[in-house]
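What follows is each chain in one-letter form.
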Amino acid sequence: MTDKKVRTRFAPSPTGYMHIGNLRTALYGYLYAKSQKGDFILRIEDTDRTRYVADAVDFINRTLEMAHIIPDESPALGGNYGPYVQSERMDLYRKYAEELVKSGHAYYCFCDPEEDHSAGKFGGYDRTCRDLPQDVIDEHIKNGDPYVIRQKMPLDGDTTFFDVLHGNITIPNSELEDQVLLKRDGMPTYNFANVIDDHLMEITHIMRGAEFITSTPKYILLYQSYGWDVPTFIHLAPVMGKNEDGSVSKLSKRHGATSFDDLVKLGYLPEAITNYVALLGWNPKTTNQEIFSMDELIEHFSLEGLSKSPAVFDYDKLGWINSEYFKAMDDETFTKLAHEYAGTLPDCLETNWSSLATLLKTRVQRLSDVPSEIAFLIDLPAFDADLYNNKRNKVTPEKAAEIMPKLVDLLEQDR
RNA sequence: GGCGCGUUGGUCAAGCGGUUAAGACACCGCCCUUUCACGGCGGCUUCAUGGGUUCGAAUCCCAUACGCGUCACCA
C-alpha cells in the first residue's frame, strides 16, 4: 500500500466562485501529491444540472493557474483516467449502481419525492421500498415509473474508519440513511459518484472538508460492498470568518472578500494569497519561516502539520504577507502593478510615477490602498498651518512660508 | 434533538508527561529618522471548566460547558 503512487484530487462543483476554503483544500491536495512525487487530479463534479454555471470550468482552470496549483490530469489536460467531468461518465454510474442492486446492497425506490413522508427518522419513506417483491418492482419498471436507487444500510452495528487527523471515528449504522445513489434524472449523487470516481481514478488520499466526516461511513460501506480498497481520508477543519459581534462562523460572503478572485482584485498578489492560505491550518513544524514560494511549500509540506481545529481568516496577517512580497519585489515590477490601481493621475504625478511608486512600496499592504495613499497629492486639501510649527527645528508657519518657495527651486534644479 | 468533530494569547500557532509554554500578525513603548513608512529593540496577553491517573499534566482518561458540522433525488 505504501508503495502505491500517491494520487490526490480536487473535485469542485462548477459554481463560478472559488471560495478560499476550497482553494486551500486544492492547495493541500496539490502540496501533498507533489511532496510525495505523486499526481494531482482535477475532476469536475457537475451532477446537479440545476446548479450548473456557464464558464465555471474555465473559471476554475484560470484560478488554479493563477494560484500555481497545476493539475497533472484534468478535463483540459486529459489523462489516463478520463473523462474528468462527471456528466460525461453517466453510463459508468448506472452500471455500478445496478451492480449493487444485484448484490443486494442497494434497491429501487419508487417513492414520490414530493409526497410528505416526514413521519420517520429519515423522512419516513426511504426504507419502504427495501423489501419490495420482485413482481412489484417489475410492474413499476414495466410501467416506466420513475425511480431512484438507494443504498441499503445495515440496521445495526456501527462503522469505523480512520482519518489521518482525527484517528478512528465510529458512527452507529442506525444513523445512516438509505441514501440515494442514482437520482431520478439518472445522475449519480455526489456521494456515489465520488466513490466510483475516486476508485476508478485510483485516488489514494481524499482531502476534503470536515463537513463530510459524518457521511464517510456511507462511503466506507460502499467501498466494502464492492470489495474495493478504502482510500486514506483527511478531513480538514473549516476556515472561519470573524463576525462583527466578535463571534466566528464558517467563512462566507458576508465576511467580505472571501474568494481568490475577490482578493486578487483587492490587490493581494496570488503568490501571497497562496502563501497565507497554506499557513491557515497548516504549520511547517521544523521551521519558523512564514514566507514560502510554492516550491518551498512542497518541500516542507507534511500531513502532520495539518491542524484539526478551525482557523480564523485574518486580513491583517494576509496584508503583512502581501507587503513582504512587495518589499521583496523589484521596483519596476511594483511600479507597474501599482500604476494599474492608481487611477487617473495629474501630469506631474504621471511623469514622476516611478519615484512615487518606489515610495509607496513599503507603505502599502495591498494595491487597492494606492489611491488613498496618494489622494493628498491629487486633492491638495488645505492643511492646518499649525503643522508648520516645529520647536525642535525652530520652524514656524512664517518661517516656513519663507523656506518653502526656495525649496521648490532647489528640488527643480535637482531634477 | 440524535450522532459526530473541535477547544493553547485578540488572530495564526509550536508543544506529544518534567520548557522561564517557541515563533508570527495585531496592539503598546523605545531607538533610528526634521515627516510617514521601512528597519532594530522591548512589552502585553494563553493552556475552556471540574474531576481523576501520576512523584509530576497544556500534554493521558472521564465528565461538563461552549463552538461547529450533519441528519437532501446539494455538493
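Residues numbered from 1 in each chain as written. Chains lettered and ligands numbered in written order. Predicted model: local features only at pLDDT ≥ 70, side-chain atom pairs only at ≥ 80, totals over all residues. Heavy atoms only, no water.

### Some details on unusual backbone geometry
- In this structure, proline 83 follows glycine 82 across a cis peptide bond, with omega equal to -5 degrees.
- Of note, proline 83 is situated in the loop between α2 (56–66) and α3 (90–102).
- One non-glycine residue, histidine 68, lies in the positive phi region at around 60 degrees.
- Tracing the chain through its elements places histidine 68 in the loop between α2 and α3. (Helix = DSSP H or I, 4+ residues; strand = E, 2+ residues; numbered from the N terminus.)

### Digging into empty space enclosed by the protein
- Tallying each qualifying case throughout the model produces one cavity of 30 Å³ or more.
- Within this model, the largest cavity holds a volume of roughly 40 Å³.
- As for the largest cavity, its lining consists of Thr8, Arg9, Phe10, Thr25, Ala26, Gly29, His205 and Met207.
- Split by residue class, the lining of the largest cavity holds three nonpolar, four polar and one charged. (1 Å grid on protein atoms, 1.4 Å probe; cavity = no way out; pocket = protein on both sides within 12 Å on 5 of 7 lines; lining within 4 Å. Points joined across faces, edges and corners; volume = space filled by probe spheres on them. Nonpolar A, V, L, I, M, F, W, Y, C, P; charged D, E, K, R; others polar.)

### Remarks on the pattern of salt bridges
- This structure, assessed with the given rule, holds 20 salt bridges.
- Residues glutamate 73 and arginine 7 are paired through a salt bridge, measuring 2.8 Å at the closest nitrogen-oxygen approach. Of this pair, glutamate 73 sits in the loop between α2 and α3 while arginine 7 sits in strand β1 (residues 7–10), and the two are 66 residues apart along the sequence. Side by side, glutamate 73 and arginine 7 carry an identical accessibility label, which is buried.
- Taking the shortest distance from any N to any O, the salt bridge between aspartate 197 and arginine 89 comes out at 2.7 Å. Within this pair, whereas aspartate 197 is found in helix α5 (residues 190–200), its partner arginine 89 is found in the loop between α2 and α3, the two being separated by 108 residues in sequence.
- The class of aspartate 197 is buried, set by a relative accessible area of 0%.
- A relative accessible area of 4% means that arginine 89 is categorised as buried.
- Within the structure, one salt-bridge network assembled from shared partners comprises Arg9, Arg43, Glu45, Arg89, Asp197 and Asp198. (Salt bridge = Lys/Arg side-chain N within 4 Å of Asp/Glu carboxyl O. Buried < 20%, exposed > 50% of the residue type's maximum accessible area, 1.4 Å probe, protein only.)

### Quick word on the packing of helix α11 (residues 331–342) against helix α13 (residues 353–360)
- Interaxial distance between α11 and α13 falls to 9 Å at its minimum, and their mutual angle equals 95 degrees. Relative to α13, the element α11 is oriented roughly perpendicular. Contacts between α11 and α13 pair Asp331, Phe334, Thr335, Ala338, His339 and Ala342 from the former with Trp353, Ser354, Ala357, Thr358 and Leu360 from the latter.
- Classifying every residue of the contact of α11 with α13 gives six nonpolar, four polar and one charged. (Axes fitted to C-alpha atoms, helices over the stretch in contact; angles between N-to-C directions. Parallel < 35°, antiparallel > 145°, perpendicular 65-115°, else oblique. Contact = heavy atoms within 4.5 Å.)

### Focus on the layout of surface pockets
- Considered as a void within the structure, the largest pocket measures approximately 910 Å³ in volume.
- Residue lining of the largest pocket: 37 residues in total, with Pro12, Ser13, Asn22, Glu211 and Phe212 positioned closest to the centre.
- The set of elements that each furnish at least two residues to the lining of the largest pocket consists of β1, α1 (20–35), α2 and β8 (205–209).
- With four residues, the single largest contributor to the lining of the largest pocket is α1.
- Broken down by class, the residue content of the lining of the largest pocket amounts to 17 nonpolar, ten polar and ten charged.

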